[in-house]
Amino acid sequence: MTSATAVENPGRKVQAQIGTPMFAALATGVAVLFYVALALIGNEYLYFSGYVVLQFVVMATAWNILGGYCGYVNFGSAAFFAMGAYSTVCIYSIGTEYARSGVGKILGAIPPPVLVPLLIAFAGIIAGLVGLGMGYLTLRLRGVFFSIATLALSVVLQTLVVNWDFVGGSRGAYVIRPNEFPLLPGGFIAYLFVLMLLLVVVALTLARGIERSRLGFGFTAIRDDELAAEAAGVPTLRLKLIATTVSGALMGMAGASFPYYIGYLQPNSAFGLEYAVNAIAMPMVGGTQSWVGPLVGALLLGSFQQWATVTISSVLNLLIVGLVLIFFVIVAPNGIVGLVREWRRKRVLRKAVRP
Amino acid sequence: MIELYANAVVSGLLLGGFYAAVTLGIAIAFGMLDVVNIAHPAFVILGSYVAYICNARFGLDPILVGLLVLPLFYYLGQAIYQISYLSFERKGSDSLRGLAFFFGLLFVTEVLLILVFGVDYRYVEAWYIGPTLRLGPIDLPLRMLVPCVLSLVLFALLQLFLSRTFTGRAIAAVSQDPTALRLLAINPVRIKRIGFGLSIATAALAGAFLIIIQPVEPSVGREYIGRIFAICVLGGMGSLPGTLIGALLLGVVESLTTTYFGPSWSPAVGFGLLLATLAFRPAGLLGR
């Protein structure tokens, strides 16, 4: 039903001319401008809160690759995020616990600025593999089972982590963030911010690239009518597995630098329900049909929460996010992007009637 | 040693009886009506808190409270189904929105409870919470026995209702063939509304049982999501006897896990069972 509106959308034509490499360059440019603007303001707090908002942009985009494009709901975003965070803690603990032995020495020799990107890549691999495994077990059945399994996945992974003393168990684990980072003003936190900004560019480029590739058309076919897609020769299971893997990997990557950001990682903070709810609410509020939706939703809801946590209370702002989610699901199922498109379409129609 | 395991099995069966009551609502909503109400545990916790308030304020027996608020939960369920029907089902929109809606409900209920009651554990007081019945070497704590027996009674009543009465049979049939129901001059939407009302009503009692068995805080419900869906799938969708068997099985396996490896591992059991069922026998034990 949305494809019909997209065809009549005048803005779409201009957009379609921009290729993926060009888009990546443009997104990088915007990201650089964004960073320069923050650096000029020079307030360290902006990096702290900006990091969280960007992290949610990645989470929302990742969720949308599976949820919005394929129509498979992942409730376990927190699990994938925490998987990324805990893979970092695990490697970090190997570095500190076995500092004398071979592996520890190698890890200890890598300076943190080099280590963190490696950790992000590693987390992406781990979370992607878990996504693949989960998908393989549950995606052959009705989509609902996948959703339920992801919902339970958080509980189980949390149980594992709580019982695993090496990564801190229920007490939590310290990960020491170096204060200094010579290349950027703002120190190490600014570096983490820049890494997250890069990840945002990667995630958005990937999402947009998928959207306009054969892969994306396959995803859309699955979402609209899986049986028909299967009958038309779309390799549905393989495409779904690709989607869960990519989506899971991105979520893991979003979580990988979190221990460095927070300094002290507890199971409760890594598996917080706010990741699961935000990863769903943000695309739903923004609109699930294109890469713009999660971005808009995450920027709006994410910034709102950064503001509300400070001014109101963190529990109350979660309540608001939940209510906003329900409101949008019922009233504006295509999100803000859908509302804007509808409005634009009507305007074009009106012009066509009265030239 | 044998005594230890005999006790573990018995307490597992008692626990399983209670799990059956918690799963009952999902067995109806998910198994029969095809409404994926992942918010069900949140309503169970809501039932627990209602029992807690009435117990703490007026000294009412939690089970009595559970029975008294049954109608309230029934109409709450009807209202929720009506909203869900008007906004998603009628428009034939994808399951994604329905899932997101119930997820939102789950989340909002939990956060509201946190806002009102905080994250402290709450418990109730009643005469059957302390004492234990001893049958030779086997311990039967009344705290577990009473909810288990009452769950089984509730189970039997609902099974009778669903298999003997006209409305009950219509509920069991509605998601299979709504058109056939229409031809019999039954409104499928009304039947589904009643069914969903019943499903939420069982949460009132299940909540009362839960807070008798263990102290409750708002996020306890999350542990039950994996459990109840595991039971529901394991037993076979839409089959109440299957659900009961699944619940008892999970109770025993969890109880043995607790005895073997310690209580911190028990939340993982349900999920393991769920994944195993989905991988090897997706139709469940007594599935169609």
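Residues numbered from 1 in each chain as written. Chains lettered and ligands numbered in written order. Predicted model: local features only at pLDDT ≥ 70, side-chain atom pairs only at ≥ 80, totals over all residues.

## Observations concerning the packing of helix H2 (residues 40-58) of chain B against helix H10 (residues 220-235) of chain B
Residues and elements named next belong to chain B. Rules: Each axis is a line fitted through C-alpha atoms, and for a helix only the stretch in contact is used; angles between axes span 0 to 180 degrees, taken between their N-to-C directions. Secondary structure counts use DSSP, requiring at least four H or I residues in a row for a helix and at least two E residues in a row for a strand, with both numbered from the N terminus. Working definition: roughly parallel below 35 degrees, roughly antiparallel above 145 degrees, roughly perpendicular at 65 to 115 degrees, and oblique for all remaining angles. Working rule for handedness: look at the near helix, and if it is turned counterclockwise from the far one by less than a right angle, call the crossing left-handed; if clockwise, right-handed. Contact between residues is assigned whenever the C-beta positions, reconstructed from backbone atoms, fall within 7 Å. Only Asp, Glu, Lys and Arg are considered charged in this grouping, and only Ala, Val, Leu, Ile, Met, Phe, Trp, Tyr, Cys and Pro are considered nonpolar; every other residue, Gly among them, is considered polar.
H10 packs onto H2 with a crossing angle of 135° between their chain directions and a minimal axis gap of 8 Å. On the basis of their axis angle, the class for H2 and H10 is oblique. Here H2 runs over H10; the crossing is right-handed. Across the interface between the two elements, His40, Pro41, Ala42, Val44 and Ile45 from H2 touch Val220, Gly221, Arg222, Tyr224, Ile225 and Ile228 from H10. Residues of the contact of H2 with H10, tallied by class, amount to eight nonpolar, two polar and one charged.

## Topic: the confidence of the model for chain B
In plain terms, the rule: As a per-residue measure, pLDDT tells how confident the predictor is, with possible values from 0 to 100.
Here chain B averages 87 in pLDDT, while 98% of its residues score no lower than 70. For this predicted complex, the interface score ipTM comes out at 0.85, while the overall pTM is 0.87.

## A short note on the pairing of strand S2 (residues 138-141) of chain B
Sheet faces and side chains relate simply in a regular strand, where the side chains alternate between the two faces. Residue and element names in this part refer to chain B. Cut-off, in case you're wondering: Think of it this way: DSSP has to see at least two bridges between two strands before they count as a pair.
Where strand S1 (residues 132-135) lies against S2, four bridges are found, and the strand directions are antiparallel. Bridging from a neighbouring strand, Leu135 pairs with Ile138 of S2. What sits between the antiparallel neighbours S1 and S2 is a turn of two residues, in which Gly136 has the positive phi angle 60°.

## Things to note about the packing of helix H1 (residues 2-32) of chain B against helix H6 (residues 142-164) of chain B
Residues and elements named next belong to chain B. With their axes 8 Å apart at the nearest point, H1 and H6 run at an angle of 45° to one another. One finds that H1 runs oblique with respect to H6. For the pair H1 and H6, the crossing hand works out as left-handed. In this structure, H1 uses Ser11, Leu14, Leu15, Gly17, Phe18, Ala20, Ala21 and Leu24 to contact H6, whose residues at the interface are Met144, Leu145, Pro147, Cys148, Ser151, Leu152, Leu154, Phe155 and Leu158. Grouping the amino acids of the contact of H1 with H6 by side-chain chemistry returns 14 nonpolar, three polar and no charged.

## With respect to the nonpolar core
Across soluble globular proteins, you tend to see nonpolar side chains buried next to one another. For the record, the criterion: The nonpolar core criterion groups buried Ala, Val, Leu, Ile, Met, Phe, Trp, Tyr and Cys residues into a set whenever they are joined through C-beta atoms within 7 Å. Burial in this document is a count-based property: other C-beta atoms within 10 Å of a residue's C-beta are tallied, and the residue is buried at 20 or more, exposed at 12 or fewer, or partly exposed in between, with C-beta positions derived from the backbone.
Formed by 210 residues in total, the largest nonpolar core has its most connected members in A:Met59 and A:Ala152. The element that contributes the greatest number of residues to this core is helix H9 (residues 187-211) of chain A, accounting for 16 residues. In this structure, A:Ala152 is in contact with B:Ile225, B:Gly226, B:Phe229, B:Gly270, B:Phe271 and B:Leu274, ignoring residues within four places of it in sequence.

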